[in-house]
Amino acid sequence: MDTQTTSAVKKALDTAKNLVVIGHKNPDGDAIGSSLGLAGFLRKKDFEVTVVMPNEFPEFLKWMPGCDDLLIYEKQAQEVQKTLDAADVIFTLDFNALNRSGDLSPLLEASEAKFIMIDHHQQPDAYAVATYSDASMSSTAQMVFHFMEALDGIPLLDRDIATNLYTGIMTDTGSFRFSATTATTHRVIAQLLEHGAVPNVIHENIYDTASQNRMKLLGVALNNLTVLPEYRTAYITLSQEELDAHDFRKGDTEGFVNYALAINNIVFAVIFIENRQENIVKISLRSKGPFSVNQFSRNHFNGGGHNNAAGGRSLKSLDETVREFISILPQYQKALIDA
Ligand code: 5GP
Ligand code: MN
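Owing to the predicted nature of the structure, the values given are computational and were not obtained by experimental measurement. (Residues numbered from 1 in each chain as written. Chains lettered and ligands numbered in written order. Predicted model: local features only at pLDDT ≥ 70, side-chain atom pairs only at ≥ 80, totals over all residues. Heavy atoms only, no water.)

What follows is about the packing of aromatic side chains. In this description, an aromatic ring pair is defined by two values, namely the gap between the centres and the angle between the planes. In total, this model carries 15 aromatic pairs according to the counting rule given. Measuring from ring centre to ring centre gives 6.4 Å for Phe41 and Phe147, while their planes differ by 85 degrees; the resulting arrangement is edge-to-face. A residue pair is termed long-range when its members are at least 10 positions apart, and Phe41 in helix α2 (residues 29-44) and Phe147 in helix α5 (residues 140-150) qualify at 106 residues. For the pair Phe41 and Phe147, one class covers both residues: buried. Here Phe296 and Phe301 contribute two aromatic rings whose centre-to-centre distance is 6.2 Å and whose plane-to-plane angle is 35 degrees, an arrangement assigned as tilted. According to the relative accessible area criterion, Phe301 is buried, its value standing at 1%. Ring-pair connections join several aromatic residues into one group, and the members of that group are Tyr235, Phe268, Phe272, Phe291, Phe296, Phe301, Phe325 and Tyr332. Above the plane of the ring of Phe57 lies Lys62, whose end atom (NZ or CZ) is 5.0 Å from the centre. (Phe/Tyr/Trp six-rings, centres within 6.5 Å; stacked < 30°, edge-to-face > 60°. Helix = DSSP H or I, 4+ residues; strand = E, 2+ residues; numbered from the N terminus. Buried < 20%, exposed > 50% of the residue type's maximum accessible area, 1.4 Å probe, protein only. Lys NZ or Arg CZ within 6 Å of the ring centre and 35° of its normal.)

So, about the sheet that holds strand β2 (residues 48-53). An order of β3-β2-β1-β4-β5-β6 is seen for the six strands of this open sheet, with the pairing classed as parallel. Edge strands, defined here as strands with exactly one partner in the open sheet, are β3 (71-72) and β6 (130-133). As defined by bridge partners, strand β4 (residues 89-93) adjoins strand β5 (residues 114-119) across five bridges and the pair is classed as parallel. Its bridge partner lying in β5, Thr92 is registered against Met117. Along the sheet, α5 contacts β4, β5 and β6; its crossing angle with β5, the most-contacted strand, is approximately 120 degrees. (Pairing = 2+ DSSP bridges. Contact = heavy atoms within 4.5 Å. Axes fitted to C-alpha atoms, helices over the stretch in contact; angles between N-to-C directions.)

Printed below as a string of C-alpha cells:
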C-alpha cells in the first residue's frame, strides 16, 4: 500500500469508532477470509467492528475463526441497517463496484460513512476516500496483510487473523498455483505460518469436507463436459434438475470449472449453472494465458473479474445461453488459438 493511500486510511480512521467490513455477494474464501482477518486486526486497534455479508456463504467456510459473528443481510436486514447507520467507516473487501454487494448496494449508496476499498479486481469504481486497489495481487487477503504492514500492525497478528488470511490466499490462488502467486505471496504465507496458521488443517477443512452429493454432482458435471478443440475451449452445464437431484448447497459447484481447464490444450473453460430461483444462469469463466475472461464476460455476460477468472450471468434459458456462447466463440478463435 503506497504512502498516499496509507495517509488517506489513517485520516479516515483518525476520528472513527464504528467500523463495518463488507465482502461481495456470494462470498468466497477470500471475501470471508480477508474480511474476518481485517476485522480481527481492527478490533485489536480498539475499534468496534462488524463484518457483514450480503448473503449466505458456503458450508465449507463455516469453520473459519469468527465466522459465527458475522451478519448476513439476507437474513438479518434490520441489524445490518442499524449497523450501517452507526458506521463511521465502511471497508469494502474483494469487490470494487457497489453493485457487487447485491441487495446491500442501495444501502451503501445511501450511506454517509467514509469508504475504504481493499481489492484486487480490475477497473475499480471511485467511491472510497482510500482506494487500495491492485489487480496484480493474488488475493484481497494478501492485501489485508500489506494493509496491516503499512499500519505497523504485523505484531498484532494472531492465530485467528493468520488462519483467515491464509485461507483467503489459499482459496484465491488455487492453493498457490495461479499466475498471481508471487514470491511476495509466499513470504506473506511464511509469516502467517509463523503466527499460527496450520496449512494441513486449513486445507482439509476446505477441500476434504465434501458431501457425497457434491462428489456425485461433480460426476454429473464431468459427464456434461463438452470440448471444442477448434476453440481450445471446454464447457460444463448443470441444470436445476441436476442440482436438485443432488441436494445442492451453496458452494457445492466451487472449483468444478477447473476440471474443464485441466484438459490438455484447453485455455478457456466455462461452467453454466442454472438458477431457477433467481431466474438466471450463473456463469463462471476461467482461462490460462493472455485470453481475458474478464473482458469476455464484460462484453457478453454482464460480469467481470480478473484476466483468468471471472463470473457473469445470463437471463436466457440454460440451452439458449449455451447456444449464444457457442455463437460468440468464432469472434475469439484467433485469440484462443494464439493464446
Ligand atoms: P466466480 O466464477 O468464482 O463466481 O468468480 C470468479 C471471479 O470473478 C471472482 O474473483 C469474482 O469476485 C469475480 N466475479 C464474479 N462475478 C462477477 C461479476 O458479475 N462482476 C465482476 N466485476 N466480477 C465478478
Ligand atoms: Mn479475491
